[in-house]
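As a plain string of letters, each chain reads:
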Amino acid sequence: MRRHFLFLLITAAAALTLLAAVPCWTEPVRADGVTSLSIDNGVIRCSIEIENGTLRSERLELLPGTAIRPGTDASPAFITDADFAIDVMFTDWSAPGKTDNADNPILLKKRNFTVVSSQSRVDGGAKELVLECAGVDHSIELRITYRLEPEAYYVKRTLAVRDGKFGHHFLRWFWPRHGAVDGVASVAKPGGFGQPVAVLADRGGAFFGV
């Protein structure tokens, strides 16, 4: 699998040890077909909504009683549409939605995958939520991993793809974040040349980095 990473951060840290399976918080499926999964580290909570098998949103929020700076009681939260983009050149005449493989390459987004399973685990104190996704009308598989380090103010999202049936397509480009972000009042830094994107909200701020 080829791996690319997305960080949604307020500060940063890292760690790596052995894995063990543990439960995560899962809300019952609502009448509208939405399932909510979440993990937290006592400082922040990362919540994922899945609607009828498709990623719907991601939410990162400070837990109640956690102030980002002294004298601040309100907790900022950021919500994304959980989207990404994968630019693939199909080489086996199976490009989804294309006749005779025409108009290659294909830009695969969240609508082109369905979540088939989820698992939570602990990695040396860090909590992880893993979503396994199958391709819609194509054979490419996707794994999305959300990772929360102990006491960290950030979540790391890892995307990994593979084609277990054919395996010889060209993965041209990978955008781990390609979509909308709610709760943004202004953009402090637009990014570019490998720099993170910094945004401000009414009650705080965050930045996205690869």
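Residues numbered from 1 in each chain as written. Predicted model: local features only at pLDDT ≥ 70, side-chain atom pairs only at ≥ 80, totals over all residues. Heavy atoms only, no water.

Looking at the overall build of the chain
Check the secondary structure of the chain and you find zero helices and 18 strands. The proportion of buried residues among the 210 residues of the chain is 43%. In the chain, 52% of the contacts between residues at least 6 apart in sequence involve partners at least 24 apart. Of the roughly 11200 Å² of accessible surface on the chain, 54% is carried by carbon and sulfur atoms. (Helix = DSSP H or I, 4+ residues; strand = E, 2+ residues; numbered from the N terminus. Buried < 20%, exposed > 50% of the residue type's maximum accessible area, 1.4 Å probe, protein only. Contact = heavy atoms within 4.5 Å. Areas by Shrake-Rupley, 256 points an atom, 1.4 Å probe, with all protein chains shown as cover.)

A few points about the pattern of salt bridges
In total, this model carries 15 salt bridges according to the counting rule given. Glu61 is the partner of Arg59 in a salt bridge, and the nearest nitrogen-oxygen pair spans 3.2 Å. Judged by its relative accessible area of 16%, Glu61 falls in the buried class. The closest approach of N and O atoms between Arg147 and Asp123, which form a salt bridge, is 2.5 Å. A residue pair is termed long-range when its members are at least 10 positions apart, and Arg147 in strand β12 (residues 140–148) and Asp123 in strand β10 (residues 113–123) qualify at 24 residues. Salt bridges here are not isolated pairs; linked through shared partners, they connect Arg121, Asp123, Glu128, Arg147 and Glu149. (Salt bridge = Lys/Arg side-chain N within 4 Å of Asp/Glu carboxyl O.)

What about the confidence of the model for the chain?
With 81% of its residues at a pLDDT of at least 70, the chain reaches an overall mean of 79. Here residues 1–23 scores under 50 on pLDDT; set against residues more than four positions off or in separate chains, the count is 82 contacts. (pLDDT = per-residue confidence, 0-100.)

Quick look at the sheet that holds strand β9 (residues 106–108)
Taken together, the three strands give an open sheet; going across it, the order is β9-β8-β14, and neighbouring strands pair in antiparallel fashion. The two strands at the open ends of the sheet, each matched to only one other strand, are β9 and β14 (170–175). For this sheet, the mean angle separating the axes of adjacent strands, direction not counted, is 25 degrees. Across three bridges, strand β8 (residues 85–89) lies against β9 in antiparallel orientation. (Pairing = 2+ DSSP bridges. Axes fitted to C-alpha atoms, helices over the stretch in contact; angles between N-to-C directions.)

Some words on the pairing of strand β7 (residues 77–80)
Relative to β7, strand β6 (residues 54–62) runs antiparallel, the two sharing four bridges. The residue of β7 that forms the bridge with Leu60 is Phe78. Strand direction decides the pairing type here: β7 and strand β15 (residues 181–182), joined by two bridges, are antiparallel. Opposite Thr80, over in β15, you have Val181 as the bridge partner.

Digging into the packing of aromatic side chains
A full pass over the atoms with the stated rule returns two aromatic pairs. Between Phe84 and Phe113 the ring centres are 6.0 Å apart and the planes differ by 50 degrees, which places this aromatic pair in the tilted class. Of the two residues, Phe84 sits in the loop between β7 and β8 while Phe113 sits in strand β10, which places them 29 residues apart along the sequence. Using a relative accessible area of 0% as the deciding quantity, one classes Phe84 as buried. Judged by relative accessible area, Phe113 falls into the buried class, the value being 3%. Residues Trp173 and Trp175 carry aromatic rings whose centres are separated by 6.2 Å and whose planes lie at 25 degrees to one another, so their mutual orientation is stacked. The exposure class of Trp175 is partly exposed, given its relative accessible area of 33%. (Phe/Tyr/Trp six-rings, centres within 6.5 Å; stacked < 30°, edge-to-face > 60°.)

Considering the pairing of β6
Judged from the eight bridges that link them, strand β5 (residues 44–51) and β6 form a sheet pairing that is antiparallel. Looking at β6, one finds that Arg45 is bridged to Glu61. Hairpin remark: β5 followed by β6, antiparallel, with two residues in the connecting loop; positive phi at Asn52, about 50 degrees.

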